[in-house]
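Chain and residue survey
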Amino acid sequence: AVKFTDKGEIVISVRASERTEKDVLLHFRVQDTGIGLTSEQMSRLFQSFSQADTSTTRKFGGTGLGLAICKRLAELMGGEVGVQSEHGKGSTFWFSARLGLGVPGACRIEQPPGADEPGSGVDERLAAIRGARILLVEDNDINQQVARELLEDAGLVVDVTDNGQVALELVQKVSYDLVFMDMQMPVMDGVTATREMRKQERLEHLPIVAMTANAMEQDRRRCMDVGMNDFLIKPINPQDMRAILARWVRPRRTAPARPAQAQPAAAIQGSMPTNDGLPHGIAGLDTTLGLSRMMGKKPLYLAMLRRYVAGQQDVVRDIREALATGDIATAERLAHTTKAVSGNVGATLIQERATALESTLRHGQGAQAEPQLAELEVPMRELLAALGAHLAMQTTRT
């Protein structure tokens, strides 16, 4: 509403209806005095990758995914979404959602020892857990490298494996302080591995943190139901990971000296010159965001971009082949991985389109995936070509 309204007002309202003892249906409305929509524009507004017209895209940007995602979310929450509008006079977008009514005191979040103690800030607790041993269970090499760098920068000892079966064997041999567990992996997925770990008494209190690019509430609940302690969204935000480490890893009895404070990533990237060798100006690539994921480390970011180019060359072909053989699960897993690694390097357009494709496949709509796969294929090809040319130039210069 703000983006499309140059003057006038924006009004947000909410009302309740159909209240029962357990839930209530809420109706939300956002009314603006912006550019408005024609009847023809409204008829295709909630379709994926569709905006009002090309001039709107040029002026206001965006991918056209937002309203399609909102429609799916509202439907998943037992509601609907819609719009009333008059061209040139403004719009009213609305949605409804059925929400459960909480009972006071019914929800209790378990806190690890010391989490609420005075002076237990993140930096202090990270200093106290240096040397702790972490198991990283992740099947993608880009995600592995990024997470490992973040953990080792915090002074932790890191073991890495790419499937849940090996992780299950390792936790029985090694005493780990925390496990970061990817959800979608070949051989054995994270849910199965966690369930098996929790069957063993000695692993009952081992902190296990889900790592996934799926941020929906049902995904979070699924992790908690099998005995996981927390949830880390990919692409990984360094501050979120630091907070989780501070929250769940128990401090050692003798804490090492506190390390010198590293320069914040924001300060590093803010001082980065435009001729820094990074691929600025490539459509669909947010270099600033990608660099921040790497804590401002330019060599690490360039290395991850090289891995990204190598690892994503055949992903569209692989997804298409999986769909041709009816292997929806593999196609979904490939789209999920593309979503995550694209977010890591700041490839925001690819991330958004892979997200839409994954959602379609997750809901068993394989027959409808080809148009979305085609929408992913073109910008993927263009991005990989531009990145490949830039990285080849950097190699020649060095």
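Check the entry above for the structure.
All residue numbers here refer to positions counted from 1 along the written sequence of the relevant chain. Note on the predicted model: pLDDT of at least 70 is required for a residue's local features to be given, and 80 or more for side-chain atom pairs to be given and counted; whole-chain, interface and lining totals, by contrast, use all residues. Excluded from the side-chain calculation are hydrogens and water; included are all heavy atoms of the structure.

1. Concerning the overall build of the chain
Note the cut-off: By definition, any uninterrupted DSSP run of H or I lasting at least four residues is a helix, any uninterrupted run of E lasting at least two residues is a strand, and each is numbered from the N terminus. Note on classification: 1.4 Å probe, protein chains only; a residue is buried when its accessible area is under 20% of the maximum for its type, exposed when over 50%, partly exposed between these limits. Contact definition: two residues touch when any of their heavy atoms are within 4.5 Å. Here the accessible surface of atoms and residues is derived via Shrake-Rupley with a 1.4 Å probe, and residues count as covered only by protein chains that are part of the display.
Along the backbone of the chain there are 16 helices and 9 strands. In the chain, which comprises 398 residues, the share counted as buried stands at 43%. For the chain, contacts bridging at least 24 residues in sequence account for 65% of all contacts bridging at least 6. Put simply, the chain shows about 20,600 Å² of open surface, and 51% of that area lies on carbon and sulfur atoms.

2. With respect to the pattern of salt bridges
How we decide: Counted as salt bridges are all cases of a side-chain nitrogen of Lys or Arg within 4 Å of a carboxyl oxygen of Asp or Glu.
Going through the model one piece at a time under the given rule, you end up with 20 salt bridges. A salt bridge links Glu358 to Lys339; the nearest nitrogen and oxygen atoms lie 2.5 Å apart. Of this pair, Glu358 sits in helix H15 (residues 348-362) while Lys339 sits in helix H14 (residues 328-345); the two residues are 19 residues apart in sequence, bridging distant segments of the chain. Taken individually, Glu358 and Lys339 each receive the classification buried, so the pair is uniform in this respect.

3. Topic: the sheet that holds strand E1 (residues 10-17)
Strand pairing in a sheet takes place through backbone hydrogen bonds and is either antiparallel or parallel in direction. Heads up, the rule is: Only strands that DSSP links by at least two bridges are regarded as paired with each other. The convention used is that axes are lines fitted to C-alpha atoms, helices contributing only their stretch in contact, and that angles between N-to-C directions extend from 0 to 180 degrees.
Strands sit in the order E1-E2-E4-E3 across an open sheet of 4 strands; the sheet is antiparallel. Every other strand in the sheet has two partners, leaving E1 and strand E3 (81-86) as the edge strands with one partner each. Strand-to-strand twist across the sheet, computed as the mean angle between neighbouring axes with direction ignored, equals 15°. Pairing analysis gives 6 bridges linking E3 to strand E4 (residues 90-100), with the strands arranged antiparallel.

4. Description of helix H7 (residues 190-198)
For an α-helix the count is 3.6 residues per turn, leaving residues at separations of three or four pointing the same way. This is how it is decided: Starting at the helix axis, one direction is taken to each C-beta atom, and the arc is that of these directions. Polar contact is defined as a pair of N or O atoms within 3.5 Å, subject to the rule that within protein one atom must be able to donate a hydrogen and the other to accept it, and that residues adjacent in sequence are counted only when both atoms are side-chain atoms.
Gly190, Val191, Ala193, Thr194, Met197 and Arg198 are the residues of H7 that are buried. The arc that holds the buried residues of H7, viewed along the axis, is 165°, so those residues lie on one side. Capping the start of H7 is the job of one residue whose side-chain oxygen sits 3.2 Å from the backbone nitrogen of Val191: Asp189.

5. Some thoughts on H14
The criterion, for reference: The length a helix should cover is 1.5 Å for every residue beyond the first.
Taking 1.5 Å as the rise per residue, H14 with 18 residues should run 26 Å; its terminal C-alpha atoms sit 26 Å apart, in good agreement. Within H14, 14 of the 18 residues are buried, which leaves it mostly tucked inside the rest of the structure.

6. As for the nonpolar core
Nonpolar side chains tend to gather and get buried jointly when the protein is soluble and globular. The condition that has to hold: Take the buried Ala, Val, Leu, Ile, Met, Phe, Trp, Tyr and Cys residues and link them wherever side-chain atoms come within 4.5 Å; each set so joined is a nonpolar core.
With 59 residues, the main nonpolar core has Phe180, Met241, Leu245, Tyr308 and Ile319 as its most contacted residues. Per element, the largest residue contribution to this core is 8 residues, and it comes from helix H16 (residues 369-397). Sequence-distant contacts of Met241, defined by excluding residues within four places in its chain, comprise Ala147, Leu150, Leu151, Phe180, Leu232 and Ile236. Ranked by size, the runner-up nonpolar core spans 22 residues in total, among them Met181, Val191, Ala193 and Leu206.

7. Comments concerning the side chain of Asn163
Position of Asn163 relative to the elements: it lies in the loop between strand E6 (157-161) and helix H6 (164-170). Reaching out from Asn163, the side chain makes a polar contact with the side chain of Asp162 at a distance of 3.2 Å. A polar atom in the side chain of Asn163 sits 3.0 Å from the backbone nitrogen of Val166. Leave out the neighbours within four places in its chain, and Asn163 touches Val137, Met185, Pro186, Val187 and Met188.

8. With respect to the sheet that holds strand E9 (residues 230-233)
With parallel pairing, the 5 strands of this open sheet are ordered in space as E6-E5-E7-E8-E9. Every other strand in the sheet has two partners, leaving E6 and E9 as the edge strands with one partner each. Sheet twist, expressed as the mean angle between neighbouring strand axes with direction ignored, is 20°. Where strand E5 (residues 133-137) lies against strand E7 (residues 178-182), 4 bridges are found, and the strand directions are parallel. For Leu136, the partnering residue across the bridge sits in E7 and is Phe180.

9. What about unusual backbone geometry?
Across the junction of Lys234 and Pro235, the peptide omega takes the value 5°, indicating a cis bond. Of note in the backbone geometry, Val187 takes a positive phi value of approximately 70° without being a glycine. Its location among the elements puts Val187 in the loop between E7 and H7. For Val187, a relative accessible area of 69% translates into the label exposed. The phi dihedral of Met295 falls on the positive side, at around 60°, and the residue is not glycine. Relative to the helices and strands, Met295 is located in the loop between helix H11 (287-293) and helix H12 (298-312). Of the residues examined, Met295 reaches a relative accessible area of 18% and is grouped as buried.

10. Observations regarding the packing of aromatic side chains
The geometry of an aromatic ring pair is captured by two quantities: the separation of the ring centres and the angle between the planes. Where we set the bar: Any Phe, Tyr or Trp ring, taking Trp's six-membered ring, that has another such ring centre within 6.5 Å forms a pair; planes under 30 degrees apart are called stacked, those over 60 apart edge-to-face, and the others tilted.
Tallied over the full model, the rule gives 1 aromatic pair. Ring plane angle 5° and centroid distance 4.7 Å describe the contact between Phe28 and Phe95, whose orientation is recorded as stacked. Pair noted here: Phe28 is in strand E2 (residues 23-32) and Phe95 is in strand E4, with a separation of 67 residues, a long-range link.

11. Observations concerning the environment of Thr5
Its place among the elements puts Thr5 in the segment before E1. In this structure, the C-alpha to C-alpha distance between Thr5 and Ile35, residues 30 residues apart in sequence, is 6.6 Å. Other than its neighbours up to four places away in sequence, Thr5 contacts Ile10, Asp32, Thr33 and Gly34. Only 2.7 Å separates the side chain of Thr5 from the backbone oxygen of Ala1, close enough to count as a polar contact.

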